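What follows is the residue order along each chain.
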Amino acid sequence: MSSEVLLTRPNHRIVHHRPERSRKTRVLITFGENGLSDAGPWTDLAVARGHETIHVSSASAYQGLELADFTAALAPVLEGRKVIVCGAGIGGFAAIRYGSAIPSQIIAFSPRHDGSLAGDHLAEGKVNEGNVTVLFDPADATAQALVTEWVQPAYPAAQLHPMFMTGTDTARALDKAGQLVPFLEKSLNGYVPKKVKQVFAPTSAKGLWAQGLALWFDGDTKTALDSMLKSARTAPEAGTLMDIAARAQSVSDTEALRTVAAIVGEHELWASMNGKTARLLLNAQKAAPAAANG
């Protein structure tokens, strides 16, 4: 592999890596998290498969890296090439921001930034007309806000993959589940998967909870609560049961509340319930005979 520095600044660095032998037309551009580096976590993967890569890094959350400087530095390498831009965390934010300035396929995992660029308008100066994929946990407030307030207005047709229970590091969760490398390999071959499996076993407590969150996210609250209750039966915990109780109350699902109360009683978790939840569950239990008798 040979390497060439395309741009170097006190806070920014762009390095081009070329495999010894390759005739492949795709170039992978990776954006790192905070800190200067010559290569990223996926550089070796791409080079080993015969793809040229460009790694972009920053010591200032990409503040001060002008779009004009970025595009000018990459222009000699990218001419006539198909481009995939990829990053996670702050690198995911940068992948979307800078990938929008060039014709490319953009992939971002759990995108986020430090708040200083919140006023940035992605649609202004946008060259890329589509081909954006974002994988994120909707419970990650920063990623969710970026998707709804920043990505979707500029890219209404963006492929969004909610990855529940992955937190702020979707890429790491996918890697642990053995899904990240196949996802990137398919993307490098020109096919970005339109469906991504959840990272937990479907019948495990986390898997059932993730399914419940996905169903809740889609508005199917009844089936969502059923899945969450299955999760709670598998691994009964006070916090989980209180969460289910709050959700059940919000949609007036008294049957789910009575089921939560039964699980709490079976596992002797009453002392772990806060007062409000305990009263809610006890009232649901008391109402059961009356409801049964009409």
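Since this is a predicted model, take the numbers as computed values, not measurements.

Draft legend 1. Quick peek at helix H2 (residues 67-78). Buried within H2 we find Phe 70, Ala 73, Leu 74, Val 77 and Leu 78. Along the long axis of H2, the arc covered by the buried residues comes to 125°, so they all point the same way. Among the exposed residues of H2, those pointing more than 90 degrees away from its buried face are Ala 68, Ala 72 and Pro 76. Looking one or two residues beyond H2, the residue adopting positive phi is Gly 80, at roughly 75°.

Draft legend 2. Focus on the packing of aromatic side chains. Overall, the coordinates contain nine aromatic pairs when judged by the stated rule. Consider the rings of Phe 93 and Trp 150, whose centres lie 4.8 Å apart with planes at 20°: the pair is stacked. Placement of Phe 93 in helix H3 (residues 90-99) and of Trp 150 in helix H4 (residues 141-154) is noted, with a sequence separation of 57 residues between them. Clustering of aromatic rings is evident, with ring pairs tying together Phe 31, Tyr 62, Phe 70 and Tyr 98. Geometry around Trp 216 places Arg 247 over its ring, the cationic atom sitting 5.1 Å from the centre.

Draft legend 3. Region of the structure containing the side chain of His 161. With respect to the helices and strands, the residue His 161 is situated in strand E8 (residues 159-162). Judged by its relative accessible area of 6%, His 161 falls in the buried class. With residues up to four places along the chain from it excluded, the contact list for His 161 reads Thr 133, Val 134, Leu 135, Phe 136, Pro 193, Lys 194, Lys 195 and Val 196.

Draft legend 4. Quick look at the sheet that holds strand E4 (residues 52-58). Read across the sheet, eight strands follow the order E1-E2-E4-E3-E5-E6-E7-E8 without closing on themselves; strand pairing throughout is mixed. Only two strands of the sheet have a single neighbouring strand rather than two, namely strand E1 (2-8) and E8. On average, each strand axis in the sheet is inclined to that of its neighbour by 15°, with strand direction left out of account. Taken together, the four bridges between strand E7 (residues 132-136) and E8 define a ladder with parallel strand orientation.

Draft legend 5. Representation of the pairing of E1 in the model. By the bridge criterion, six bridges tie E1 to strand E2 (residues 12-18) in an arrangement that is antiparallel. Bridging across to E2, Thr 8 finds its partner in Arg 13. Counting the residues in the hairpin turn of E1 and E2 gives three residues.

Cut-off values and rules
Residues numbered from 1 in each chain as written. Predicted model: local features only at pLDDT ≥ 70, side-chain atom pairs only at ≥ 80, totals over all residues. Heavy atoms only, no water. Buried < 20%, exposed > 50% of the residue type's maximum accessible area, 1.4 Å probe, protein only. Helix = DSSP H or I, 4+ residues; strand = E, 2+ residues; numbered from the N terminus. Arc of directions from axis to C-beta. Phe/Tyr/Trp six-rings, centres within 6.5 Å; stacked < 30°, edge-to-face > 60°. Lys NZ or Arg CZ within 6 Å of the ring centre and 35° of its normal. Contact = heavy atoms within 4.5 Å. Pairing = 2+ DSSP bridges. Axes fitted to C-alpha atoms, helices over the stretch in contact; angles between N-to-C directions.

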